[in-house]
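Listed here are the chains, written in short residue letters.
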Amino acid sequence: MSSFINDVLKDLEKKEVNLSKVTFILPSKRAGVFLRHEIASNVSKTIFAPTLISIEEFVEELSQLKKISNTELLFEFYNIYKTQTPKEQTEVFESFSKWAQILLQDFNEIDRYLINPKSIFDYISAIQDINHWSLEKNQTPLIKNYLVFWKRLFAYYSNLQDELIKKGKGYQGLIYREAVENLESYIQLNPNKQHILLGFNALNNSESVIIQELLQTGLASIYWDIDDMFLSNVNHDAGYFISQHKKDWTHFKNNPFQWSHNHYTANKNISVIGIPKNVGQAKYVGELLSKLKSDKGNLNSIAVVLGDETLLLPVLNSLPENTDTLNITMGFPLKSVPLSSLFDQLFILHKEGKTSFYYKDIIAIISHPFIRPLFADKHTDFGQIIIDTIHSNNLVFITLENLVKLTPQLETVLNILFKSWLNNPEIALQNCLTIILEIKTILTINKKENLLGLEYLFRFNEVFNALVSLNSKYKYITSISALYSIYNELITVETLDFKGEPLKGLQIMGMLESRVLDFETVIITSVNEGILPSGKSNNSFIPYDVKLENKLPTYKEKDAVYTYHFYRLIQRAKNIHIIYNTEPDVINGGEKSRFITQMEVENIHHLQHKIITPITPKISQELKSISKTDDVLYSLKSLAEKGFSPSSLANYIRNPLDFYFQKVLGIKETDDVEETVAANTLGTIVHNTLEDLYKPIEGSMLNIDLVKNMKDMVEARILYHFKTIYKEGDITKGKNLIIFEIAKRYVTNFLSQELKDLEQGNTIKIIEVEVDLTVKINIEALDFPVTLKGKVDRIDEYNGTLRIIDYKTGKVEQRQVEIVDWETICTDYKKYSKSFQVLMYAYMMNAQKTFKQDVEAGIISFKNLSEGFLKFGKKETINSRNKNTIIDTETLHNFETELKKLILEIYDPNIDFIEKEVS
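Below: a short report on this structure.

**Here we look at helix H1 (residues 4-14)**
Along H1, the residues that are buried comprise Phe4, Ile5, Asn6, Val8, Leu9, Asp11 and Leu12. The elements touched by buried residues of H1 are strand S1 (22-26), helix H2 (29-42), strand S5 (194-198) and strand S6 (220-223).

**Description of the sheet that holds strand S23 (residues 801-808)**
Here five strands make up an open sheet; going across it, the order is S21-S22-S23-S25-S26 and the pairing mixed. A single partner strand is all that each edge strand has here, and the edge strands are strand S21 (764-777) and strand S26 (869-871). With strand direction ignored, the average angle separating the axes of adjacent strands in the sheet is 40 degrees.

**Remarks on the sheet that holds strand S28 (residues 883-884)**
Judged by pairing direction, the sheet is mixed, and its three strands sit side by side in the order S24-S27-S28 without closing on themselves. Only two strands of the sheet have a single neighbouring strand rather than two, namely strand S24 (818-819) and S28.

**Some thoughts on the packing of helix H16 (residues 338-351) against helix H17 (residues 359-366)**
Axis separation between H16 and H17 bottoms out at 10 Å; the angle between their running directions is 150 degrees. Relative to H17, H16 is oriented roughly antiparallel. Every pair of crossing elements has a handedness; the one defined by H16 and H17 is left-handed. On H17, the residues that touch Leu342, Gln345, Leu346 and Leu349 of H16 are Asp361, Ala364 and Ile365. Split by residue class, the contact of H16 with H17 holds five nonpolar, one polar and one charged.

**What to know about helix H22 (residues 451-474)**
Given 3.6 residues to a turn, an α-helix orients residues that are three or four positions apart in the same direction. Taking 1.5 Å as the rise per residue, H22 with 24 residues should run 34 Å; its terminal C-alpha atoms sit 35 Å apart, in good agreement. Taken as a whole, H22 has its buried residues at Gly453, Leu454, Tyr456, Leu457, Arg459, Phe460, Val463, Phe464, Leu467, Leu470, Asn471 and Tyr474. Each element contacted by the buried residues of H22 is listed here: helix H4 (70-84), H16, helix H21 (425-443), helix H23 (480-493) and strand S15 (495-496). After H22 finishes, the residue Lys475 shows a positive phi value of roughly 60 degrees.

**Points about the side chain of Thr787**
Among the secondary structure elements, Thr787 is positioned in strand S22 (residues 786-798). Classification of Thr787 by relative accessible area gives buried; the value is 3%. Within polar-contact distance, the side chain of Thr787 engages the backbone oxygen of Glu641 at 3.4 Å. Polar contacts involving the side chain of Thr787 include one to the side chain of Lys776, which spans 3.0 Å. Once residues within four sequence positions are removed from consideration, Thr787 is found in contact with Ala640, Glu641, Lys642, Gly643, Phe644, Thr774, Val775 and Lys776.

**Points about the packing of aromatic side chains**
Within the structure shown, the criterion is met by 67 aromatic pairs. For the ring pair Phe149 and Trp150, a centre distance of 5.5 Å and an interplane angle of 75 degrees mean the geometry is edge-to-face. Owing to a relative accessible area of 16%, Phe149 belongs among the buried residues under this scheme. Accessibility expressed as a relative area gives 4% for Trp150, which makes it buried. Directly above the ring of Phe257 sits Lys246, whose terminal nitrogen or CZ lies 5.2 Å from the centroid.

**Concerning the pattern of salt bridges**
Scanning all chains against the criterion turns up 38 salt bridges. Note that Glu896 is salt-bridged to Lys900, the shortest N-O span being 3.5 Å. Placement of both Glu896 and Lys900 in helix H34 (residues 889-907) is noted, with a separation of four residues, approximately one turn of the helix.

**Some points on the side chain of Arg459**
Mapped onto the fold, Arg459 is located in helix H22. Side-chain polar atoms of Arg459 contact the side chain of Glu462, separated by 2.4 Å. Each residue touching Arg459, except ones within four places of it in the same chain, is listed here: Leu334, Glu494, Thr495 and Leu496.

**Points about unusual backbone geometry**
Following Gln258, the chain continues to Trp259 via a peptide bond in cis, the omega torsion being -15 degrees. Among the structural elements, Trp259 can be located in the loop between helix H13 (251-254) and strand S8 (260-261). Pro533 follows Leu532 through a cis peptide bond whose omega is -5 degrees. Tracing the backbone through its elements, the reader meets Pro533 in the loop between strand S17 (521-525) and helix H24 (544-549). With a phi angle near 65 degrees, Gln64 is a residue other than glycine that sits in the positive phi range. Locating Gln64 in the fold gives a position in the loop between helix H3 (55-63) and strand S3 (66-67). Residue Gln64 is classed as exposed on the basis of its relative accessible area, which comes to 63%.

About the thresholds
Residues numbered from 1 in each chain as written. Predicted model: local features only at pLDDT ≥ 70, side-chain atom pairs only at ≥ 80, totals over all residues. Heavy atoms only, no water. Buried < 20%, exposed > 50% of the residue type's maximum accessible area, 1.4 Å probe, protein only. Helix = DSSP H or I, 4+ residues; strand = E, 2+ residues; numbered from the N terminus. Contact = heavy atoms within 4.5 Å. Pairing = 2+ DSSP bridges. Axes fitted to C-alpha atoms, helices over the stretch in contact; angles between N-to-C directions. Parallel < 35°, antiparallel > 145°, perpendicular 65-115°, else oblique. Left-handed = near helix turned anticlockwise from the far one by under 90°. Nonpolar A, V, L, I, M, F, W, Y, C, P; charged D, E, K, R; others polar. Expected span 1.5 Å × (residues − 1). Polar contact = N/O pair within 3.5 Å; in protein donor to acceptor, adjacent residues only side chain to side chain. Phe/Tyr/Trp six-rings, centres within 6.5 Å; stacked < 30°, edge-to-face > 60°. Lys NZ or Arg CZ within 6 Å of the ring centre and 35° of its normal. Salt bridge = Lys/Arg side-chain N within 4 Å of Asp/Glu carboxyl O.

Set out below in structure tokens:
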């Protein structure tokens, strides 16, 4: 494959051009690296290397201005804004920066396209006057100020230009305008200097004037890279700009047009691959490169062009392991570097100027991979001590003083991270630089292993030093919020540059970096609407019709630029893989690109379409099984001595594997901070409150006065138990306050139900509350007794009937405490777990002391209080209305039979702990 650069050099050789005396002007620096390599490969004798510069470098040289950074330009503009705006109408820097960026972009376009600034700003101001009824007599102050703002635009523009030129600096547009002004003197000073321009397409008016003037004076020749098919088709956007240049430029009326060719129509293998999501595309690129390397033996002359540059990291992580040589043209944005998340967290933490921090923010910073080493020495992980203390004490908000108390040996580090920045940018910047130095000290201990981390630190050190310099020079960053905004802008544009092999191996680049370059195999990703092409975006104060009137670029021209780059990239390639995302969304682009549809309509090449769906591995639903080894049986035997509670046996019925993990292995669930009061915490608080209220009257008859007195004590007791159990958790606001009120409501409503019962003439005697039960039972097949234990919430006597009551703060319905078939009580957790628990309490009580009166067992559900006491009942059939609610000898005997079967199953060495599917 002969490349465009190679063709140009052959033509120059044919014309016997002395390359040493030529200045090559290219669209990008990247193209210069390849051109230099091609020159070295093509020349037959030793020569001095020609001058190779990008168009931007050439224009900067012409203008005699140095390009200013976007951030410094913003500060300079604010200087001008303050001098040109009355003090009472002046905005603070933070709000100014939000709209100033857009206005500066408009200044840039106006200058690049050599538009008369006064004319266009007057035009825009007149439009705003019409839009806001400027002839109305009763204009509000807001509208008056708004219209005055538009009238000031030209003053802002002209004063900013004057100030920058005075300092020898300029933004891109100003540099271009000044370059045009200085062009004549440049030509006079360099009458014999030859310029070769190659690979251009879309040109702004400044570039067009400069290039045409050089052509007209015979100081330049230009080579275009366009296919005849695009040049001759007025409707094809790939030739939109070059066909205009060919038609409009005076130079081409007397001189030949170099060049158009017929590469695009040559045979090509074009695959169009649809893949869901960005990660899917990255993974497929990796697979494709692996196959290409296997077929070719190397990855030379292969380019991966990323339509969406955020795919860089996923693609790098998906490259074949045996990738020998690699060159990444684009830089890696500092915004995506792992270290940036640390400073994001710190800015968010200190932005509000609080002295008490949310526990998740504290844990996120302490756990950050760059910070965690600062919290540990050879013997102790102090970071883990802090995290464990936060969890165990339920700390939702923590102060610096709390942290220092916990780990006084880390006071210095804790102060750097968590001491208030006092909304002072200077303190913030100093702290960030100190953090970088602290991390550097740790990383340099193992320098070889931490080279990349140290590189990150170096780049962020540069960023913060730049911010220190800007702040000391301009003094406009007056808050942490403003500093964070400027910091974010800096790390979005600043990049971490990769080192690689620029001329061999795999090339990874963005679409604009591909200008002038040709590759045999091209892989293009994210070929979706909204990405390639980027589609409509109107980030400008200049209305669309005004742009058209003044021939400023709109989205139409932007789309034409991408159309050219897309087709130019594939016109010489032999193998093209076009990849698009099949799952369009607003953020990551729309449906497959119009470029793909256009190629289908052209019908020049056969496109091999395929949709790749990820191979989803079948996750086997095999349920785990744990056999009962001697060690397991030994642990089970010790459990028999400790005792089984109704809830532990119910847990076995629900899922034997959970029982094994919790009871045999002793694995507990991890404790986490309860930001919102958990259901089990609420249950404990209600239970403890009722115990406080009823414990003093055990053995007594309940009466109306007692219950009324209890009602007066409810709030104080609930508050006490919240503080005891929920520890330092906040219950003064939000969901927790609601849950606190719910707990009060539960207890108050229950006491109201008790009052209602008493007022209706029912008698209630409180026998005992929170009763601990322990009994030992013997089972014939086991050579040791089994202990059963439990705690009954309340035992009372209601109109002469003994009641065993279990409180539930969740919702329980009557059907959940009824059974039909005894054999299912120990097998169906969902239906019968509540019946199992209350019957086990009754069984243990009877084992301790045989019942001598009628006994009922059941549940009081605080979410279903209107149903009252939900009694256990045995029904003959599911639909039967009659049921036996008295716990008699037959009921206890039937339950005992099933209970012993269950315990024997637990101890049977031949029955494994088999996992159940838990819904």
